[in-house]
There are 4 protein chains.
Amino acid sequence: MKLHGIYPPITTPFDHNGDIYKSKLRHNVEKWNRVGLSGYVVCGSTGESVFLTTEEKIALWGMVAECASDDKLLMAGTGVESVRETVALTNAAAGLGYKAAMVRTPHYYKNLVNNIDAQHLYFSSVADQARMPLMIYNWPQATGVDIHPEAVARLSEHPNIIAIKESSGNLEKVMQMIREVKAGFQVLVGSAPTLWPSLQIGAVGAVLAFANAAPYATITIWEAHRTREAEAGLDWQNRIGGPAVLVTTKYGIPGLKYAMDLNGYYGGPCRLPLRPLSPEAKREIEDAFQDLKG
Amino acid sequence: MKLHGIYPPITTPFDHNGDIYKSKLRHNVEKWNRVGLSGYVVCGSTGESVFLTTEEKIALWGMVAECASDDKLLMAGTGVESVRETVALTNAAAGLGYKAAMVRTPHYYKNLVNNIDAQHLYFSSVADQARMPLMIYNWPQATGVDIHPEAVARLSEHPNIIAIKESSGNLEKVMQMIREVKAGFQVLVGSAPTLWPSLQIGAVGAVLAFANAAPYATITIWEAHRTREAEAGLDWQNRIGGPAVLVTTKYGIPGLKYAMDLNGYYGGPCRLPLRPLSPEAKREIEDAFQDLKG
Amino acid sequence: MKLHGIYPPITTPFDHNGDIYKSKLRHNVEKWNRVGLSGYVVCGSTGESVFLTTEEKIALWGMVAECASDDKLLMAGTGVESVRETVALTNAAAGLGYKAAMVRTPHYYKNLVNNIDAQHLYFSSVADQARMPLMIYNWPQATGVDIHPEAVARLSEHPNIIAIKESSGNLEKVMQMIREVKAGFQVLVGSAPTLWPSLQIGAVGAVLAFANAAPYATITIWEAHRTREAEAGLDWQNRIGGPAVLVTTKYGIPGLKYAMDLNGYYGGPCRLPLRPLSPEAKREIEDAFQDLKG
Amino acid sequence: MKLHGIYPPITTPFDHNGDIYKSKLRHNVEKWNRVGLSGYVVCGSTGESVFLTTEEKIALWGMVAECASDDKLLMAGTGVESVRETVALTNAAAGLGYKAAMVRTPHYYKNLVNNIDAQHLYFSSVADQARMPLMIYNWPQATGVDIHPEAVARLSEHPNIIAIKESSGNLEKVMQMIREVKAGFQVLVGSAPTLWPSLQIGAVGAVLAFANAAPYATITIWEAHRTREAEAGLDWQNRIGGPAVLVTTKYGIPGLKYAMDLNGYYGGPCRLPLRPLSPEAKREIEDAFQDLKG
């Protein structure tokens, strides 16, 4: 299974009571269906998965499966701290038509799980019992755990672990992984501000929060990479760098949802404790996105 | 409500299928009932709460409520990332007879929630809607977030926030909090290796993983503090220091459960990815606990 | 050699050209001579040693040796990154009448020196060649390196390493060290906000920046410890906690020097890039020190 | 002044007494003179500058100035913690014919100097008094301080600050800087494992420890960038990635010096506490460098 191209980890639309807003989800997916995205990741970090109950996750997977066009590959964010619950979630998503699971590094008991052996145990135990292939998900800025390239190299030997989404933004690490993993294991990145150089050094695709709001720009960079147009690629990269930092590092999901609202998608509110943007933050995002269409 | 004295954040017993082992839970609680503990915290970090489903948490709260003796104050670990779900869990526990909720700092979206305003919003929003009082829970070693004393001082003004369990082990911070919070706000600590000096500088109690396996020793320190027997207190502190580090920082919950097994409680296995102890680790714990009775 | 009691790591007075201000140094030392301090540490972190040339360090050691009263034990801060230069500085200070050297953990090449073997090599190599005994100096807040208690336990076996100044403020670590070092090895602390509990758990003394400006208060706590007056000790601790945080963590040496100016010592300016205090910071320090006499 | 191309921060050769080995320094420089390097950085981190006395630094600058060929641009590593001493060192190097100073971020008093205002004050104060232009030097892995892109953007306005050597390896940050600094300000990188993608996104040159031992490989990458040969560039990058990690992150300067010994340069011993390599480490480096000529 090839995971090439650009995937948005889709945001979860909430209404003003904080409930999932099904019609707006359909609106977003139908609009994304018309862009050259390779698929969707449902219930990733950008989807506020840590704020969702199990029932809500399963409902979301079902809703997206209903309205995604057939050419989109569906991935489910299923990683929680325990092997047992991660397997259950993964197999629930597989039953709903998902093709791969994105599984985050466990991180709560840092003194026990932040080492190569524990990471190997976790991912291989999940993979052994999962009814679809896994993509490892590394995002140290949230988890406080940064998976070691050696752990990834070992895990790449497992037949049911096919990829990693590396969101640290650390290109040295991405390059080391690409050199050391088993042939065919796919390295995707999760950082829009370094998309262009990541593709240049061998990443096969990307899962980008930013692509929720401005998918065309990310696909343009992907196409520039495929057609070897270095100037265009770097130029577009420089156009998205600032805006991408705004809606990830600086203002996070509330910022991203506001950019979606600006670009014809439904962003809407986040669940607490994520807070609404200040008027100044909104204006900063408006300025940054005025030339980036959805 | 006074939260003085020693509380174990009780471990969750699992059978060898990984399911909750109800009869062993009853065994443990009945054994603890006979010791001078002030109460129990159910579904804390030591209870592997991040590995439990919502249904399992509710079941555990019910089981413990059934078999705890009347003199024990019951607290429920209810903090998850969202305000909404934390409120729901808190009110479910209140309905089962719990008297206070222990609520962990949110930490996943670190760039957005690791600041005083967001922490104030989170805890005051939960407290506004909770049907029982809250104890803030700070454990930076797991969460990567260390609540600022100023946030605690502000939150101590909220009528429904009555205490903090400060598990960082940082006594400077504990002392600063004690000086700055509203009169009556209670500071408990969560680190057995610094129990004695923490009581000396004004902590009113402690929630101690170590007390699962060796409650008498911790109560002895508490009593030495109440009766101002400084030599006995420091002597006992030095006796538990090494063993307490073993079953927390070094070997974590698997180590603690093994020490429980040694002392007549049921420890049993943890859920994956927490791993069984090596024979060397077991021997180290056996040596350390040979003079510490349960 | 006993290192009991309170030692200020003395500030280095500069005139408004940034040169060492010898007459003010003499003024300060003569004023401190009249207080019950156990001795002086010259060229520690608080002495802006990282801003001093080798010639200036040697000059300072000489000047203080001239005006310190005979009952004060003199220690020299001599630790720099290389073994070779640390030995040279240590032996220069010994030649000027100093009795012990305070030697900081090396820290620049963190990937190479931040491990137990390298720390053992560094300190034992220095100790082998030093003509006076060493006190290890650990201050992770500046160096980014936190010496492991196991390294300290191993180094405590060296006949020429007699003490540690542990400035992390981490009491769990201090207690572990006290349990694990060779009998007779002395543990001093370097954090005024935790002085009282540190003495309670077995620290024999303290090297306190705060004692530059308010030596009486720290000596009062020391005396309360010796005479077992727990209430007085804790009361004084709580009186110095806030002011001590101001002139260390919050405003650093510029704050401390300003508090010295308030209390009849010469503080004066720091070398750049340390900046003068704002008027607000000055007012905050004035308020905090109004009941703390020099 | 253009700082394009590849610069080795040259190692400092010591004899077996630990003294500077002048004839070996001459040997190395004469051998490097014959390669297409753009110049030399003398007394950088790789030159063990934190182990050198002021007299040794000045002697080294003089020795290299004597034997460097005329086409090599000479830069001096002059940054120490104080403005005053950094200015003195910078002007001493300028007097010896150096063309630019590489000045490291101050970092010891982290709570006071790790902020944009203090960094601005430090670098602009040095630049105001320096008789040659400055290149900011950021290496958070050693200093524990990571200069903020906004500080760099502000400093790029100063007429005497012309460049930054950014060694964090963080390409997102490099890209942000390139977008935000004043036109003409030059961004160099200091990480061989990410050389190729750094050049792709706009870095104009690099200061690379690895270039001490294998300058040809780094120049080949530089040339591939100039001639837009993407495949060759990436291929060479992948060839140096592993070896470069070995002689920087993993084994540091002792590893690099050993690789120099293998390639016809004089590496020799480091000063303590840097330790000699184990036989296993030597073998690993031999294997990694067998196809990389000096």
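Whatever comes next refers back to the structure up there.
Because the structure is predicted, anything quoted here is derived from the model rather than measured. (Residues numbered from 1 in each chain as written. Chains lettered and ligands numbered in written order. Predicted model: local features only at pLDDT ≥ 70, side-chain atom pairs only at ≥ 80, totals over all residues. Heavy atoms only, no water.)

Quick word on the pairing of strand S6 (residues 161-166) of chain B
All names here are of chain B.
Thinking step 1. The element S6 is extensively covered by neighbouring structure, given that 6 of its 6 residues are classed as buried.
Thinking step 2. One ladder, built from 5 bridges, connects strand S5 (residues 134-138) with S6; its direction is parallel. If you follow Tyr-137 over to S6, its bridge partner there is Lys-165.
Thinking step 3. Bridge count between S6 and strand S7 (residues 186-189): 4 bridges; the pairing is parallel. Residue pairing for S7: Ala-163 is matched across the bridge by Gln-186.
Thinking step 4. Crossover S6 to S7 through helix H8 (residues 171-180) is right-handed. (Buried < 20%, exposed > 50% of the residue type's maximum accessible area, 1.4 Å probe, protein only. Helix = DSSP H or I, 4+ residues; strand = E, 2+ residues; numbered from the N terminus. Pairing = 2+ DSSP bridges. Right-handed = clockwise from strand over helix to strand, strands pointing away.)

Here's the deal with the side chain of A:Glu85
Thinking step 1. Relative to the elements of secondary structure, A:Glu85 occurs in helix H3 (residues 83-95).
Thinking step 2. Buried charge without a partner: A:Glu85 forms no salt bridge, and the closest opposite charge is A:Lys57, 6.0 Å away.
Thinking step 3. For A:Glu85, the residues in contact, after removing those within four places along its chain, are A:Thr54, A:Val80, B:Phe51, B:Leu52 and B:Thr53. (Lys, Arg positive; Asp, Glu negative; His and termini not counted. Salt bridge = Lys/Arg side-chain N within 4 Å of Asp/Glu carboxyl O. Contact = heavy atoms within 4.5 Å.)

Comments concerning the packing of H3(A) against helix H5 (residues 116-129) of chain A
All names here are of chain A.
Thinking step 1. One can describe the packing of H3 onto H5 by two numbers: an axis separation of 9 Å at closest approach and a directional angle of 40°. Of the two possible hands of crossing, H3 and H5 adopt the one that is right-handed. Residue-level inspection shows Val-83, Thr-86, Val-87 and Asn-91 of H3 in contact with H5, the latter providing Tyr-122, Ser-125, Val-126 and Gln-129.
Thinking step 2. When grouped by side-chain class, the residues that make up the contact of H3 with H5 number 4 nonpolar, 4 polar and no charged. (Axes fitted to C-alpha atoms, helices over the stretch in contact; angles between N-to-C directions. Left-handed = near helix turned anticlockwise from the far one by under 90°. Nonpolar A, V, L, I, M, F, W, Y, C, P; charged D, E, K, R; others polar.)

Looking at the sheet that holds strand S3 (residues 73-77) of chain C
Each strand in a sheet pairs with another by means of backbone hydrogen bonds, the pair being arranged parallel or else antiparallel.
Residue and element names in this part refer to chain C.
Thinking step 1. Pairing is parallel in the open sheet, where 8 strands are placed in the order S1-S8-S7-S6-S5-S4-S3-S2. Strands at the two margins of the open sheet, each flanked by one partner only, are strand S1 (5-7) and strand S2 (39-42). Across this sheet, the average inter-strand angle for adjacent strands is 25°, counted without regard to direction.

Things to note about the environment of C:Glu48
Thinking step 1. Mapping C:Glu48 onto the fold places it in the loop between S2 and helix H2 (54-67).
Thinking step 2. Considered as a pair, C:Glu48 and C:Thr12 are 36 residues apart in the sequence and their alpha carbons are 6.7 Å apart.
Thinking step 3. Beyond its immediate stretch of four places on either side in the chain, C:Glu48 contacts C:Thr12, C:Phe14, C:Ile253, C:Lys257, C:Cys270, C:Arg271 and D:Tyr109.
Thinking step 4. A distance of 2.6 Å separates the side chain of C:Glu48 from the side chain of C:Lys257, its partner in a polar contact. (Polar contact = N/O pair within 3.5 Å; in protein donor to acceptor, adjacent residues only side chain to side chain.)

A look at the interface of chain C and chain B
Thinking step 1. In this assembly, 20 residues from chain C lie in contact with 20 residues from chain B.
Thinking step 2. The contact between chain C and chain B buries some 1,700 Å² in all, and 57% of this surface belongs to carbon and sulfur atoms.
Thinking step 3. The largest share of the area that chain C buries against chain B comes from C:Glu172, C:Met175 and C:Arg179, three residues that together contribute 30% of it.
Thinking step 4. In this assembly, chain C and chain B are joined by 2 salt bridges.
Thinking step 5. With its nearest N and O atoms 3.6 Å apart, the salt bridge here joins B:Glu231 to C:Arg228.
Thinking step 6. Put simply, chain C and chain B have 0 residue pairs in polar contact (both at pLDDT 80 or more) between them.
Thinking step 7. For the side of chain C that touches chain B, the elements supplying multiple residues, two or more each, are helix H8 (171-180), helix H9 (195-200) and helix H11 (230-250) of chain C.
Thinking step 8. Per element, the largest residue contribution to the side of chain C that touches chain B is 8 residues, and it comes from H11(C). (Buried area = accessible area lost by both parts, 1.4 Å probe.)

Observations concerning the interface of chain A and chain B
Thinking step 1. Listed as interface residues are 50 residues of chain A and, on the opposing side, 50 residues of chain B.
Thinking step 2. It is A:Arg84, A:Tyr108 and A:Tyr109 in chain A that bury the most area against chain B; as a group they hold 22% of the surface buried on that side.
Thinking step 3. At the surface where chain A touches chain B, the tally comes to 2 salt bridges.
Thinking step 4. The interface formed by chain A and chain B includes 20 residue pairs in polar contact (both at pLDDT 80 or more).
Thinking step 5. When contributions to the side of chain A that touches chain B are tallied by element, the ones reaching two or more residues are helix H2 (54-67), H3, helix H4 (110-113), H5, helix H6 (140-143), helix H11 (230-250) and helix H12 (252-262) of chain A.
Thinking step 6. A total of 5 residues in the side of chain A that touches chain B trace back to one element, the largest contributor, which is H5(A).
Thinking step 7. Of the residues belonging to the side of chain A that touches chain B, the class tally is 21 nonpolar, 16 polar and 13 charged.

Focus on the relation of the copies chain C and chain B
Thinking step 1. Under the fitted operation, chain C is carried onto chain B by 0.0 Å of movement along the axis and a turn of 180°, and the coordinates agree to an RMSD of 0.0 Å. What the superposition gives is, in effect, a two-fold axis relating one chain to the other.
Thinking step 2. Both copies share a contact surface, since 100% of the interface residues of chain C are interface residues in chain B too. (Least-squares fit on C-alpha atoms with pLDDT ≥ 70 in both.)

Section: H2(A)
Thinking step 1. End to end, H2(A) covers 21 Å across 14 residues, agreeing with the expected 20 Å (1.5 Å per residue, within 8%).
Thinking step 2. Residues of H2(A) that are buried include every one of A:Glu56, A:Lys57, A:Leu60, A:Trp61, A:Gly62, A:Met63, A:Val64 and A:Cys67, and no others.
Thinking step 3. Structurally, H2(A) contributes buried residues whose contacts are with helix H1 (22-33), strand S2 (39-42), strand S3 (73-77) and H3 of chain A together with helix H3 (83-95) of chain B. (Expected span 1.5 Å × (residues − 1).)

Focus: the relation of the copies chain A and chain B
Thinking step 1. The transform that puts chain A on chain B rotates by 180° and translates by 0.0 Å along the axis, for an RMSD of 0.0 Å.
Thinking step 2. A share of 100% of interface residues in chain A that are also interface residues in chain B marks the association as one of identical surfaces.

A word on the state of the cysteines
Thinking step 1. Here the structure, examined in full by the defined rule, presents 0 disulfides over all chains.
Thinking step 2. For A:Cys43, which is in no disulfide, the shortest distance to another cysteine sulfur is to A:Cys67 and amounts to 13 Å. (Disulfide = S-S within 2.5 Å.)

Observations regarding unusual backbone geometry
Negative phi values dominate among residues other than glycine, just as trans dominates among peptide bonds.
Thinking step 1. A cis amide bond links A:Leu272 to the next residue, A:Pro273, at an omega of 15°.
Thinking step 2. With a phi angle near 60°, A:Arg228 is a residue other than glycine that sits in the positive phi range.
Thinking step 3. Tracing the sequence through the fold places A:Arg228 in the loop between helix H10 (215-226) and H11.
Thinking step 4. Take A:Arg228: its relative accessible area is 65%, and that puts it in the exposed class.
Thinking step 5. Of note in this structure, B:Glu48 is not a glycine but carries a positive phi near 55°.

Points about the packing of aromatic side chains
Thinking step 1. Under the definition given, this model contains 36 aromatic pairs over all chains.
Thinking step 2. Seen in terms of ring centroids, D:Tyr108 and D:Tyr109 are 5.1 Å apart; in terms of plane orientation they differ by 80°. Their pairing is edge-to-face.
Thinking step 3. Across the ring face of B:Tyr265, the terminal group of B:Lys31 is positioned such that the distance to the ring centre comes to 4.9 Å. (Phe/Tyr/Trp six-rings, centres within 6.5 Å; stacked < 30°, edge-to-face > 60°. Lys NZ or Arg CZ within 6 Å of the ring centre and 35° of its normal.)

Some remarks on the arrangement of the chains
Thinking step 1. The two units chain A and chain C are non-contacting; their minimal C-alpha-C-alpha distance is 16 Å.
Thinking step 2. In this view chain B stays clear of chain D, with the nearest C-alpha atoms of the two still 16 Å from each other.

A closer look at the pairing of strand S3 (residues 73-77) of chain D
Residues and elements named next belong to chain D.
Thinking step 1. For S3, a buried count of 5 out of 5 residues is recorded, marking the element as mostly surrounded by other parts of the structure.
Thinking step 2. One ladder, built from 4 bridges, connects strand S2 (residues 39-42) with S3; its direction is parallel. Of the residues in S3, the one forming a bridge with Tyr-40 is Leu-74.
Thinking step 3. Following the backbone out of S2, through helix H2 (residues 54-67) and into the adjacent parallel S3, one traces a crossover that is right-handed.
Thinking step 4. Of the strand pairs in this sheet, S3 and strand S4 (residues 100-104) are connected by 3 bridges, and their pairing is parallel.

Describing the pattern of salt bridges
Thinking step 1. Under the defined criterion, the tally for this structure stands at 48 salt bridges over all chains.
Thinking step 2. B:Asp19 is the salt-bridge partner of A:Arg84, the closest N and O atoms lying 2.5 Å from each other. Pair noted here: A:Arg84 is in helix H3 and B:Asp19 is in the loop between strand S1 (5-7) and helix H1 (22-33), and the two residues belong to different chains.
Thinking step 3. We note a salt bridge from D:Glu30 to D:Arg26, for which the minimum N-O separation is 3.3 Å. Residue D:Glu30 and its partner D:Arg26 are located together in helix H1 (residues 22-33), separated by 4 residues, close to a single helical turn.
Thinking step 4. For D:Arg26, a relative accessible area of 34% corresponds to the partly exposed category.
Thinking step 5. Where salt bridges share partners, they join A:Arg26, A:Glu30 and A:Glu66 into one cluster.

Treat this as a map of the structure, not an account of what it does.
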